[in-house]
Amino acid sequence: MIAEGRGRLLISAFVALLLTVLPLPPWLDVLRPAFLVLAVLYWSINAPRTGGIALGFFAGLALDVFQGPVLGEHALALTLVSYIAVREHQRIRSKPAIQQALIVFAALIVYEIVLFTIDGWTGRAVTTPLRWVHTLSGALIWPPAAAVLAYAAGRRS
Amino acid sequence: MAAFGTAAGRPLQARGGSAGFRFTLYAALAVVTMYLDQRAHYLEQVRYVLEAAAYPIQLAVNSPPAAWAWLKASFQARAALQAENAQLRARQRDLELLAMRYDALARDNGELRGLHAALPPVVDHWLAAEIVNIQLNSLRQKLLINRGAANGVFTAQAVLDDKGLIGQTTHIGPWSAEVILITDPEHAVPVRVERTGLRTIAVGAGDTTSLALPYLPGNADIRAGDLLVTSGLGGVFPEGYPVARVTEVHRDAVQPLAQVRAAPLAHIDSDSEVMLVWFRAGHPAAPVPNTLGGDLKSGNRDMQPQATAAAAGTATTPPATPSSTGQAAAPQPTPAPGGQE
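Quick summary incoming for the structure in this document. (Residues numbered from 1 in each chain as written. Chains lettered and ligands numbered in written order. Predicted model: local features only at pLDDT ≥ 70, side-chain atom pairs only at ≥ 80, totals over all residues. Heavy atoms only, no water.)

Observations concerning the overall build of chain A
What counts here: In this text, helices come from DSSP runs of H or I with a minimum length of four residues, and strands from runs of E with a minimum of two, each type numbered from the N-terminal end. Throughout, exposure labels follow a simple rule: accessible area from a 1.4 Å probe, protein chains only, divided by the maximum for the residue type, with under 20% read as buried, over 50% as exposed, and the rest as partly exposed. By definition in these notes, contact holds between two residues if any of their heavy atoms fall within 4.5 Å.
Looking only at helices and strands, chain A features 8 helices and 0 strands. Mapped in sequence order, the helices and strands of chain A form the string α-α-α-α-α-α-α-α. Here chain A holds 157 residues, and the buried ones make up 55% of them. Across chain A, every contact between residues at least 6 apart in sequence was considered, and the portion connecting residues at least 24 apart equals 66%.

Here you go:
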């Protein structure tokens, strides 16, 4: 049962990774939510023992390979975000979808702050306000994304 | 993957209770990874392997656009192809006319410079590479191309198209390479204004259509329409390749610096193929390969003043290295370790 859950988790994370690296026109790319972060958040909240922080770390490492200037940057940010989600998973899980979206918004802001800081430290500061757009679109897409992931997880709730 | 495996073996309670510990562990791992990658460059091999693993995914992700382009090309009307063919033939004739005079000009140039023979062209050979994946946003402007270490591609290699400069390679995988575009906000290319010889640096502005020249004083002789060519400094691009054309110059009496924008000549957003170029090593216009080894912190060691190296040598190395190597390898009777015993 757990092994099956892990398979679904890995598949959904892989699909989210594909969605993240899929080439899109620039204007759409700015709006693209961080799908993999959303998937990690979903699994951290709903199955903290199957995925959790290890999933966050390895998903972040995968993001680093595809788009990170430094290996470990996204890994650190996602580790932190998934830790917060795992710690508070019982509180977040019981909230309605709208409130969950707000929490996800906050988590995405934290995620982006970590990336922003590391970008600055490693001498690659990207100061355009456009980099924050995805936190909003991620929060907006959270309710449907969570529903899709719940369906993928075979969960009826 | 291994972490999932080990976690599965343990009882549920133990795994649930130690979130803080696991967070600390993974966060520390991430920080160490970042340090090793950024400062020490120890992870080149790891990156190489990871790039290889990522390449199939990038190929797969790019396959729908590639398939669409292929379909469009294969259903293209015969008339369109004929028109294109005629256009290409006309263009080839133009280029041949130009090339006819090239040999004579090169010889003239050699004589003017007091050389006995004309210099060979600075380009040794080149390789066409297909663009596999494009990452264009205001944060990063990167391409992934389908040539890598297996084709002899190296880090910081110049990438051009038929109109001008595109960028340079950053991370090399076995069959793929990542190219940072000159329009990436992280990228800066040393340029020269062709009309006046004024040297400056062109920095990417974060979109494919503009470069910024942020370091020109307000009274600099530059105007819209000026051609910017590579200045040959920086050790990546040889001198004289076209980069961009100045589009706007703003001079503000209050600001000490002029605000200058330029449009890159290369068709960065419509190219499907780029050229990787190898330059003749001994050529005077070729980029100096030594500077490639340098980084911002320590610079290029070969170009440092010799005094610092000598000072460092006398100060630290003799007590440390002979004793350690002497003890580790073989007890050779050298004069230096005598003081140690």
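Examining the side chain of His 187 of chain B
Residues and elements named next belong to chain B. For clarity, the cut-off: Polar contact criterion, stated in full: a pair of N or O atoms within 3.5 Å, where within protein one must be able to donate a hydrogen and the other to accept it, and residues adjacent in sequence count only if both atoms are side-chain atoms.
Within the fold, His 187 resides in the loop between β5 (177-181) and β6 (188-193). What makes His 187 buried here is its relative accessible area of 4%. In terms of polar contacts, His 187 uses its side chain to reach the side chain of Gln 168, at 2.8 Å. Excluding its chain neighbours within four sequence positions, the residues that come into contact with His 187 are Gln 168, Ile 180, Leu 181, Ile 182, Ala 202, Val 203, Gly 204 and Phe 237.

As for the environment of Gln 45 of chain B
The topology assignment puts Gln 45 of chain B in helix α4 (residues 44-74). Placed 128 residues apart in sequence, Gln 45 of chain B and Gly 173 of chain B show a C-alpha to C-alpha distance of 9.5 Å.

Topic: the packing of helix α5 (residues 73-87) of chain A against helix α7 (residues 97-121) of chain A
All names here are of chain A. Under the convention used in this document: To get an axis, fit a line to the C-alpha atoms, keeping to the stretch in contact for a helix; angles then go from 0 to 180 degrees between the N-to-C directions. Here the angle decides the label: under 35 degrees means roughly parallel, over 145 means roughly antiparallel, 65 to 115 means roughly perpendicular, and every other value means oblique. Note: crossing handedness is left-handed where the near helix turns anticlockwise from the far helix by less than a right angle, and right-handed where it turns clockwise. Residues are sorted three ways: Asp, Glu, Lys and Arg are charged, Ala, Val, Leu, Ile, Met, Phe, Trp, Tyr, Cys and Pro are nonpolar, and all the rest, Gly among them, are polar.
Put simply, α5 and α7 touch, their axes get as near as 9 Å, and they point 150 degrees apart. The angle between α5 and α7 places the two elements in the roughly antiparallel class. In the packing of α5 onto α7, the handedness of the crossing is right-handed. Taking contact as the criterion, the partners of Glu 73, His 74, Leu 76, Ala 77, Leu 78, Leu 80, Val 81 and Ile 84 in α5 are, on α7, Ala 107, Val 110, Tyr 111, Val 114, Leu 115, Ile 118 and Asp 119. Of the residues that constitute the contact of α5 with α7, the class distribution is 12 nonpolar, 1 polar and 2 charged.

Overview of helix α3 (residues 19-40) of chain B
Counted only if it meets this: A helix is expected to span 1.5 Å multiplied by its residue count minus one.
Between its terminal C-alpha atoms α3 of chain B stretches 30 Å, which fits the 32 Å expected from 22 residues at 1.5 Å a residue. Note on α3 of chain B: the residue one or two positions beyond its end, His 41 of chain B, has a positive phi of about 55 degrees.

Thoughts on the sheet that holds strand β11 (residues 259-264) of chain B
Residue and element names in this part refer to chain B. Going by this rule: Strands are treated as partners if at least two bridges between them are detected by DSSP.
Pairing is antiparallel in the closed barrel, where 6 strands are placed in the order β6-β7-β8-β11-β10-β9. With strand direction ignored, the average angle separating the axes of adjacent strands in the sheet is 40 degrees. The pairing of strand β8 (residues 211-213) with β11 spans 3 bridges and is classified as antiparallel. Bridging across to β11, Leu 211 finds its partner in Ala 262.

Some points on the sheet that holds strand β2 (residues 141-145) of chain B
Residues and elements named next belong to chain B. If you walk around this closed barrel you meet the 6 strands as β1-β2-β5-β4-β3-β12, and the pairing is antiparallel. Adjacent strand axes in the sheet meet at a mean angle of 45 degrees when their direction is disregarded. Bridge count between strand β1 (residues 123-136) and strand β12 (residues 273-279): 7 bridges; the pairing is antiparallel. Along β12, the bridge assignment pairs Ala 129 with Val 274. Against the sheet, α4 touches β1, β2 and β4 (165-172), its axis set at about 65 degrees to β1.

Comments concerning the pairing of β12 of chain B
Residue and element names in this part refer to chain B. The buried fraction of β12 amounts to 5 of the 7 residues, a majority that puts the element mostly inside the structure. One ladder, built from 2 bridges, connects strand β3 (residues 158-160) with β12; its direction is antiparallel. Bridge pairing in β12 links Val 159 to Leu 276.

Some words on helix α3 (residues 35-46) of chain A
Residue and element names in this part refer to chain A. Taking 1.5 Å per residue as the helical rise, α3 with its 12 residues ought to reach 16 Å, and the 16 Å between its terminal C-alpha atoms agrees with that figure. Most of α3 sits out of view: 11 of its 12 residues are buried. By the burial criterion, the buried members of α3 are Leu 36, Val 37, Leu 38, Ala 39, Val 40, Leu 41, Tyr 42, Trp 43, Ser 44, Ile 45 and Asn 46.

With respect to the packing of aromatic side chains
Residue and element names in this part refer to chain A. The criterion, for reference: Note on aromatic pairs: the rings of Phe, Tyr and Trp (six-membered ring only in Trp) are paired at centre separations within 6.5 Å, and the planes decide the class, stacked below 30 degrees, edge-to-face beyond 60, tilted for the rest.
As enumerated under the stated definition, the model contains 7 aromatic pairs over all chains in all. Ring geometry for Tyr 42 versus Trp 43: centroids 5.5 Å apart, planes at 85 degrees, classification edge-to-face. Relative to Phe 58, the ring of Phe 57 lies with its centre 5.3 Å away and its plane at 85 degrees, an arrangement referred to as edge-to-face. Taking the relative accessible area as the measure of exposure, Phe 57 reaches 3% and is therefore buried.

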